[in-house]
Amino acid sequence: MQRWPVLLFLAWVCLLFFSGIGLFMSGFLLTRIELANSSSCSDPLAPPPWDKQNLPPGSCWLPQRFPKIVLVIIDALRFEFALFNPAKVNPLPYENKLSFLHHLETSQPHHARLYRFLADPPTATMQRIKGLTTGSLPTFIDVGNNFATYAIQEDNLLAQLVQNGRRVVFMGDDTWDGLFPKKFFRSYFFPSFNVKDLHTVDNGILQYLYPTVNSGEWDLLIAHFLGVDHCGHKHGPDHPEMAKKLTQMNEMLRSLVDHLGNDTLLLVAGDHGMTETGDHGGDSQREVSAALFVYSKTPLFGTDPPEEPEAIPQVNLVPTMALLLGVPIPYSNIGEVMAELFSGDGDAVSEALQQLLVYHINAKQVDRFLHSYSLVAQDLPAEQLQHLQELFSSAVEEHIQLLAQVQRAMLVSPELESKLRSLISRFQLYLRQARAVCTQSWARFHPLRMVGGCSLVAASCLLCYVASELATMSDSFYRSCLLYPLLWGLATAVLCGLACVLTQEELDLLLLLSWAAAASLLGFFWHWWGWHPKRARLLGTQPPLASAGLRQRLRVWLGLAFPMGILLFRCGAMFSDSFVIAEAQVTPFLLASLVMLLIGKLHWDGRLTVPEGSKQQPLGFSSYRKESWHLLCLVAVLLLCVRLSGFFHQCREEIPQCRPSVFLPPLASLRNTRAKNLFYLLCVALLAGLVYAVRSWLRHYGNLNSSDPLVLFVRWGFPLVVLCIACYWAVASSAEDSLGKLQELVQVAVIAFPWAVYGLVFIGLLLLLCHPMTVFAKDSRESAGSIVTPYQGIPSSKVDLLQVIPQIYKRMQESEKSRLERRSCRATVAAYGLGSVYSAALVIALTLMGFLLMLLHTERLSLAFLLLFLEAFVLLHIHTRARSLAGDTEPFSVPWFAVISWLLAASQFFYSTGHQPIFPAIHWNAAFVGFHLDHSTNLLPAVLVGANTFASHILFAVGCPLLLLWPFVCEMPSSQKKKSKREPQEELQTVDEHMMEMRLRESPEKFSTALLQLGLKYLFVLGAQLLACVCAAVILRRHLMVWKVFAPKFLFESLGFMVSSICLLLGISLVMRVDCAVSTWFSQLQLR
Amino acid sequence: MKEAELRRLLAANLLCFVSIVLTALVPALFLDGFSVLGTHLTWLCVCSVCVSVLNVTLCLILKPSPSSKRSSLSNKISRFLKCCIYFFMSCILFHAIIVLYGAPLIESVTETFLFAVLLSTFTTLQCLCLLGPNIQAWIRVFSRNGAMSIWENSLQITTMCSILGDIQATQNGSETEQMLLGFTCKLFLQ
Ligand SMILES: [Zn+2]
Ligand SMILES: [Zn+2]
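Residues numbered from 1 in each chain as written. Chains lettered and ligands numbered in written order. Predicted model: local features only at pLDDT ≥ 70, side-chain atom pairs only at ≥ 80, totals over all residues. Heavy atoms only, no water.

A.B. asks: Just checking my understanding: could you explain the overall build of chain A for this structure?
C.D. replies: Broken down by element type, chain A carries 37 helices and 10 strands. Evaluated residue by residue, chain A yields a buried proportion of 56% over its 1088 residues. Sequence-distant contacts, at least 24 apart, represent 81% of the contacts inside chain A between residues at least 6 apart. For chain A, the exposed surface amounts to about 45200 Å²; the carbon and sulfur share of it is 63%. (Helix = DSSP H or I, 4+ residues; strand = E, 2+ residues; numbered from the N terminus. Buried < 20%, exposed > 50% of the residue type's maximum accessible area, 1.4 Å probe, protein only. Contact = heavy atoms within 4.5 Å. Areas by Shrake-Rupley, 256 points an atom, 1.4 Å probe, with all protein chains shown as cover.)

Structural data, given as structure tokens:
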């Protein structure tokens, strides 16, 4: 059997896909260019020369209005949290809790004001901190950095403050530490990542806040509270815990205001809001609108607050704070100052003049930024820049004229004021339009790379299809279709590298890889074309296949049309945003339709009915065979599974009437103790049931008889794993306060049990790799008894007591003759479980991984996992039955129908394990199963969250070889029934019938070919879905929904593709490993 | 003979078609605020009743099934009862299939059930009229080379088409329609 070529071929195809994905991603995902420039005091943006008032020392661009600012960031402070409505009789837990803000606003209307603070999506904390300090817009791909916080390179507020010798003191979320290393005069960081921990950060801040404020050794004090956000993630906004948290924040603000001096400005801001489930990251109304509250003990505003709080974008805070503190505005800021904070306490005209000055500086800074940006990058459209430029220069010109008039005192007050106001509105218009232009066009694509990536993926798909249709794979195939293309690719890579070195250009690894991939794809098609005619000629010498005729080919095409039509439907659905949004319903629908169509087709072909002309049937009437009823029952079970799995769906915000499944939140959030206990018992019982089912399956096929370490592990390790998981769930779901003194023990247990599971699963997988054989050999060659036959030989042994169905395997290399001789030489070996040795290894691996993935999900999602296993089992059986009913003559090729339904089930269970292809729906909690505090590296949490997200992809991809193996495993019962009635002389034939998976070993050539074909088919279907996503992203890149729907879908699909393909390789290599072990086992047997 | 048969078949199918169109239009004259989408429950009722009445009368008039032997009254009654039971069972079966396909379990039971009834009138009732309560004959008709007369051929085609057509609508009624509409519109726009 050729093991390495098969694996190598599949790995090569995967690499081709990966390079296509990488190339496309580099062209598609937005990358705004960050300018390295930074503002400084000496920039000529300072007040124009006619304004001769001297700047006080320590001020830049504008005299500072406040020497000190306290910025309190309450993470995820939604606007509704800060709003106070005294008319509400029964406020929700999050309503009317920040009463102190309301008190300030009503008692001192000129000192305090509440704003609606609009965040730019993505509303992840790190993106928001970046926006709040640089005044610039986030780009899409930055979301990925949420695990690893990189220092901000762009000019920002903190850098400006430090540059101008101010002291910045920080306390709270340690994300800031990574973003602004060594920028703080003093800092108190607390770990932020554990969203289950509501109090550590907040209590830590409270411990230091008031002493620090009193000490006065600071110019900007930032306190970032995380409790509200974590409370939202853990319990959701509508929970008593949220009320507690907000009340705590209210008290904090009350005492903070007591400690403030008269020269201090207090800003209370939320970095983003939260959805009804307490998550954030997207751009829905609830996530985007945060609260901003401004307060100072000296009067700030000249007017009373408006009825409805004003809405301002978050970037506006940066220029405002910079100018209030008297430092330069950060270079890349595109925000607009909040002019009413600069009004001072003069008359209307002087107020307007002051505001005009501020706007002038702001506009000049934005104009400077746009100018230098347009020199570096071409993504801002030239005509719009031109328009902005005109707007700016005319406004500046008018400003100069107006100022000259003011100096000559030519205008009377009311007229002047109206002129000033109109000028202000022109500056405002300029700033807002500039921001709009930036927002619009920082979606910068590389069309060439996108098309290149698209065509690489498409060509790889074609390759998969072409290669999977080839009948046999000989050495010549591997030579011409694997080795030569690889050499082509290598040669191209070397040439490109050399060219780069010679031209002294920077080596782009991604480009290099994609060139190599393209070359090797070309090489494949070239060699395949040259190789194909030869095959055809070879086949031509054998008359029957060549003259198969048009009709047979047409029939083959028609047979393909059903599954391929469904696949086409699925791919087409990726192009419509409403279908992508509703994919959780579309996939099960397609799966059910595919299976129904299969049944209909079998019926239409008359495969389900008793063949015409049998004795008990009158002519012209037909009835169903017994096997057909089995098949129909299986289909009913499948439909039931599909329907039930719909109860575990997560919701997208685009479907407002959707309610997320009640099974998604962890048991700990359940307030009804009885329901909690019931659910807990149900989950544990079902888990135990899974173990029981797997064990009885293994026992049924005789794989539990030997005393190998692996078998022992299955017998004793599996229940132990279940025990550990059950204990972990018990500890994790118990109420936090109820345990009192046991708290410390619980802390330990919460860590220890997951680690025990990790360890056990790891040991199990290791054992599986070392000794994948679950075969019990009974060597009876020495025994003096008569011939050992399957059903007579060992009636009294303990193995029989275990209700084992023994399988006998005889070396088939021996010819018919030697087999006849065997009767006389009275020697044979009975091997239990040899017939299902490959599947047993896969089933054990799948069960172990299933345990691991269940641990990473919340407790009640284990029900969904059980449905997953059941559905996979039923699908395998349907596939087997349908094949045997259809009278498939090619046992070594898996039909397209099976592969497509397998993949549809995989994506169906992506949704049914509570996932959605959007960022807020990611289960971040998975990163803390077994880890209490912050992670030291980012790799481990990424792996855990990734495993959680792509759980069904992993399981189905690893289990993919079962599609090939299952018909062999199941061949036994049916044949046994038929043959057992026959006469005893035909015993030899009976023995033949029980070979099961050993049939695969009989023809190693065909086995390896079958595995390769299966892998290629799987990759083709996966690749077709990916291709559809990629094409959708290309075609709809200017679609309104691209960042909300298509781009996340593409990201999830491509990540899913990577995970699936790697797991597919793992699954196939596991089968190969078992094959190795079987080979050595046989050679040892022969030696004995 | 064949010509005449063909003409009768055509007439029957045309009548069916016209009656369905009429059920969508005529009740608007008698009932206030009737429309197919707005008051879909009424329409479902009216449509299924009309089609079933038409089918039964056509069956009685045209007598397409050649195997109508002379039989006693009790035999006829038992045959009729059997037909009723079969029809009811097919309604239940369709209901179950629709629910398995994703229709809500409890919320809109009436809608789902009426839909199942409509589906049964289009499929099972026609089978009952043509072939009688004889499942084995049904199985024969719905397989390759199984149809023996034009009537049976027509039955094959209409039944399969109605099942295929309705499978699309099965998935959550109006939502799917909107999605399909949106999808086609998008395809045209781009
Ligand atoms: Zn946040
Ligand atoms: Zn958060």
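A.B. asks: It is not clear to me how the pairing of strand E1 (residues 68-74) of chain A should be interpreted in this structure. Could you clarify?
C.D. replies: Working note: regular strand, side chains alternate between the two faces of the sheet. Residues and elements named next belong to chain A. For E1, the buried fraction is high: 7 of the 7 residues fall into the buried class. Of the strand pairs in this sheet, E1 and strand E6 (residues 264-269) are connected by 6 bridges, and their pairing is parallel. Looking at E6, one finds that Val70 is bridged to Leu266. (Pairing = 2+ DSSP bridges.)

A.B. asks: How should the packing of helix H23 (residues 673-700) of chain A against helix H28 (residues 837-856) of chain A be read in this particular structure?
C.D. replies: Residues and elements named next belong to chain A. Where H23 meets H28, the axes come as close as 11 Å, and the angle between the chain directions of the two elements is 170°. Relative to H28, the element H23 is oriented roughly antiparallel. Seen from H23, the contacting residues are Leu687, Leu690, Val691, Val694, Trp697 and Leu698; seen from H28, they are Ser839, Ala840, Val843, Ile844, Thr847, Phe851 and Met854. Residues that form the contact of H23 with H28 fall into these classes: 11 nonpolar, 2 polar and no charged. (Axes fitted to C-alpha atoms, helices over the stretch in contact; angles between N-to-C directions. Parallel < 35°, antiparallel > 145°, perpendicular 65-115°, else oblique. Nonpolar A, V, L, I, M, F, W, Y, C, P; charged D, E, K, R; others polar.)

A.B. asks: I keep staring at the coordination of the zinc ion (ligand 1) and nothing clicks. Help me out?
C.D. replies: Angles between donor atoms at a metal ideally measure 109.5 degrees for a four-coordinate tetrahedral arrangement and either 90 or 180 degrees for a six-coordinate octahedral one. All names here are of chain A. Coordination of the zinc ion (ligand 1) by the protein comes from Asp75 (OD), Asp75 (OD), Thr125 (OG1), Asp271 (OD) and His272 (NE2), over a distance range of 1.9 to 2.6 Å. All donors to the zinc ion (ligand 1) come from one chain, and their sequence spacing reads D-x49-T-x145-D-H. Metal-to-metal, the separation of the zinc ion (ligand 1) and the zinc ion (ligand 2) is 4.6 Å. A residue pair is termed long-range when its members are at least 10 positions apart, and Thr125 in helix H4 (residues 125-134) and His272 in the loop between E6 and helix H10 (285-288) qualify at 147 residues. (Donors = N, O, S within 2.8 Å, 3.2 Å for Na, K, Ca; no water.)

A.B. asks: Could you clarify how one ought to interpret the coordination of the zinc ion (ligand 2) in this entry?
C.D. replies: All names here are of chain A. Looking at the metal site, the zinc ion (ligand 2) is ligated by Asp229 (OD), Asp229 (OD), His233 (NE2) and His280 (NE2), spaced 1.9 to 2.3 Å from it. What the 4 donor atoms of the zinc ion (ligand 2) show is an angle range of 57 to 143° at the metal, which sorts the shape as irregular. Along the chain, the residues donating to the zinc ion (ligand 2) fall in the pattern D-x3-H-x46-H. (Tetrahedral: all angles 85-135°; square planar, octahedral: opposite > 155°, others 65-115°.)

A.B. asks: Please explain the pattern of salt bridges as it appears in this structure.
C.D. replies: Oppositely charged side chains may form a pair once their charged atoms are brought near each other. All names here are of chain A. On inspection of all chains with the given rule, the structure shows 17 salt bridges over all chains. A salt bridge links Arg435 to Asp120; the shortest N-O distance between them is 3.7 Å. Of the two residues, Arg435 is situated in helix H14 (residues 413-441) and Asp120 in the loop between strand E2 (112-118) and H4; the sequence distance between them amounts to 315 residues. Both residues of the pair, Arg435 and Asp120, belong to the buried class. Look at the salt bridges and you will find they share partners, linking Arg78, Glu80, Glu276 and Arg286 into a network. (Salt bridge = Lys/Arg side-chain N within 4 Å of Asp/Glu carboxyl O.)

A.B. asks: Just checking my understanding: could you explain the sheet that holds strand E8 (residues 311-313) of chain A for this structure?
C.D. replies: Strand pairing within a sheet occurs via backbone hydrogen bonds; the two strands may be parallel or antiparallel. Residues and elements named next belong to chain A. What the 8 strands build is an open sheet, ordered E4-E3-E5-E1-E6-E7-E2-E8; its pairing is mixed. Strands with a single pairing partner mark the edges of an open sheet, and in this sheet they are strand E4 (186-190) and E8. Between one strand axis and the next, the sheet turns by 20° as a mean value, whatever way the strands run. Lying on the sheet, helix H11 (residues 317-325) is in contact with E1, E2, strand E5 (220-225), E6, strand E7 (289-296) and E8; it crosses E1 at an angle near 155°.

A.B. asks: Looking at this structure, I do not really get the confidence of the model for chain B. What am I missing?
C.D. replies: As a note on interpretation, predicted positions should not be read in detail where pLDDT is low. Residue and element names in this part refer to chain B. Residues with a pLDDT of 70 or more make up 67% of chain B, whose mean pLDDT is 71. Looking at the elements of chain B, mean pLDDT is at its lowest for helix H9 (residues 173-189), recorded as 37, and at its highest for helix H4 (residues 73-100), recorded as 85. Counting interchain partners and residues more than four positions distant, the pLDDT-below-50 stretch residues 170-190 has 26 contacts. Confidence metrics for the complex model read pTM 0.72 and ipTM 0.77. (pLDDT = per-residue confidence, 0-100.)

A.B. asks: So what exactly am I meant to see when it comes to the side chain of Ser120(B) here?
C.D. replies: All names here are of chain B. With respect to the helices, strands and loops of the structure, Ser120 is situated in helix H5 (residues 109-122). Engagement of the side chain of Ser120 in a polar contact is seen with the side chain of Ser90, the distance being 3.1 Å. In this view, Ser120 contacts Phe87, Ser90, Cys91, Phe94 and Leu125; residues no more than four positions away in its chain are not counted. (Polar contact = N/O pair within 3.5 Å; in protein donor to acceptor, adjacent residues only side chain to side chain.)

A.B. asks: Where do I start with the packing of aromatic side chains in this structure?
C.D. replies: The geometry of an aromatic ring pair is captured by two quantities: the separation of the ring centres and the angle between the planes. Residue and element names in this part refer to chain A. Summed over all chains, the structure comprises 38 aromatic pairs over all chains. Summarising the aromatic geometry, the rings of Phe9 and Trp12 are spaced 5.6 Å apart at their centres and angled 75° between planes, so their arrangement reads as edge-to-face. Here Phe9 pairs with Trp12, and both are found in helix H1 (residues 4-28), just 3 residues apart, close to one helical turn. Among the aromatic residues, those joined into a cluster by ring pairs are Phe170, Trp176, Phe180, Phe184 and Phe189. (Phe/Tyr/Trp six-rings, centres within 6.5 Å; stacked < 30°, edge-to-face > 60°.)

A.B. asks: Would you mind showing me how to read unusual backbone geometry here?
C.D. replies: Note: most residues except glycine have negative phi, and most peptide bonds are trans. All names here are of chain A. Phi at Ala76 takes a positive value of approximately 60°, unusual for a residue other than glycine. Tracing the backbone through its elements, the reader meets Ala76 in the loop between E1 and helix H2 (79-82). Unusually for a residue other than glycine, Lys182 sits at a positive phi of about 60°. Tracing the backbone shows Lys182 in the loop between helix H6 (175-179) and E4. Accessibility expressed as a relative area gives 84% for Lys182, which makes it exposed.

A.B. asks: What exactly am I supposed to notice about the environment of Ile361(A) here?
C.D. replies: If you trace the backbone, Ile361(A) turns up in helix H12 (residues 348-376). A C-alpha to C-alpha distance of 9.6 Å links Ile361(A) and Val337(A), two positions 24 residues apart in sequence.

A.B. asks: What exactly am I supposed to notice about H23(A) here?
C.D. replies: One turn of an α-helix holds 3.6 residues; hence residues three or four places apart share an orientation. All names here are of chain A. Its 28 residues place the ends of H23 40 Å apart at the C-alpha level, agreeing with the 40 Å of an ideal helix rising 1.5 Å per residue. Taken as a whole, H23 has its buried residues at Lys676, Tyr680, Cys683, Val684, Leu687, Leu690, Val691, Val694, Trp697 and Leu698. Residue Asn672 occupies the N-cap position of H23, its side-chain oxygen lying 3.1 Å from the main-chain nitrogen of Arg674. (Expected span 1.5 Å × (residues − 1).)

A.B. asks: Help me understand empty space enclosed by the protein, please; the structure alone is not making it clear to me.
C.D. replies: Take a probe with the size of a water molecule and roll it over the atoms, and the empty space left behind shows itself. Residues and elements named next belong to chain A. In total, this model carries 7 cavities of 30 Å³ or more according to the counting rule given. Looking at the second largest cavity, it is lined by 17 residues, and the ones nearest its centre are Arg570, Ser907, His953, Lys1049 and Glu1053. Of all the secondary structure elements, the ones that give two or more residues to the lining of the second largest cavity are helix H30 (896-912), helix H36 (1004-1035) and helix H37 (1042-1087). (1 Å grid on protein atoms, 1.4 Å probe; cavity = no way out; pocket = protein on both sides within 12 Å on 5 of 7 lines; lining within 4 Å. Points joined across faces, edges and corners; volume = space filled by probe spheres on them.)

A.B. asks: What should I look at first to understand the side chain of Glu287(A) in this one?
C.D. replies: Inspection of the secondary structure assignment puts Glu287(A) in helix H10. The residues contacting Glu287(A), other than those within four sequence positions of it, are Thr123(A), His272(A), Gly273(A), Met274(A), Thr275(A), Asp279(A), His280(A), Gly281(A), Gly282(A), Glu653(A) and Pro920(A).

A.B. asks: Is there a simple way to explain the nonpolar core in this structure?
C.D. replies: Within soluble globular proteins, side chains that are nonpolar generally end up buried alongside one another. Residue and element names in this part refer to chain A. The biggest cluster of nonpolar side chains holds 199 residues, and the ones touching the most others in it are Phe9, Ile878 and Tyr1018. In terms of residue count, the dominant contributor to this core is H36 (18 residues). Filtering out sequence-adjacent residues up to four positions away, Tyr1018 remains in contact with Val899, Trp902, Leu903, Phe956, Ala957, Cys960 and Leu1064. Counting 82 residues, the second-largest nonpolar core is a separate cluster that includes Leu158, Leu220, Ala363 and Ile424. (Core = buried A, V, L, I, M, F, W, Y, C linked by side-chain atoms within 4.5 Å.)

A.B. asks: For this particular structure, what's the right way to read a nonpolar patch on the surface?
C.D. replies: Residues and elements named next belong to chain B. Together, Phe17, Val18, Val21, Leu22, Leu25, Val26, Leu29, Phe30 and Leu31 line one region of the surface with nonpolar side chains, adding up to about 880 Å² of accessible area. Of all the secondary-structure elements, those providing two or more residues to the nonpolar patch are helix H1 (2-25) and helix H2 (27-30). Looking at Phe30, the relative accessible area reads 67%, which means it is exposed. (Patch = residues over 30% accessible without salt bridge, like charges linked within 9 Å, V, L, I, M, F, W, Y side chains within 5 Å.)

A.B. asks: Whenever I open this one, the environment of Tyr115(A) confuses me. Can you help?
C.D. replies: Residues and elements named next belong to chain A. Looking at the element boundaries, Tyr115 is found in strand E2. For Tyr115, a relative accessible area of 0% puts it in the buried group. In this structure, the C-alpha to C-alpha distance between Tyr115 and Leu83, residues 32 residues apart in sequence, is 9.7 Å. The residues contacting Tyr115, other than those within four sequence positions of it, are Phe79, Ala290, Ala291, Leu292, Val294, Phe301, Pro309, Glu310, Ile312, Met338 and Glu340.

A.B. asks: It is not clear to me how H4(A) should be interpreted in this structure. Could you clarify?
C.D. replies: Residue and element names in this part refer to chain A. Judged by how many residues are buried, H4 sits mostly within the fold: 10 of 10 residues are covered. Within H4 the residues assigned to the buried category are Thr125, Met126, Gln127, Arg128, Ile129, Lys130, Gly131, Leu132, Thr133 and Thr134. Positive phi shows up at Gly135, right after H4, with a value of about 75°.

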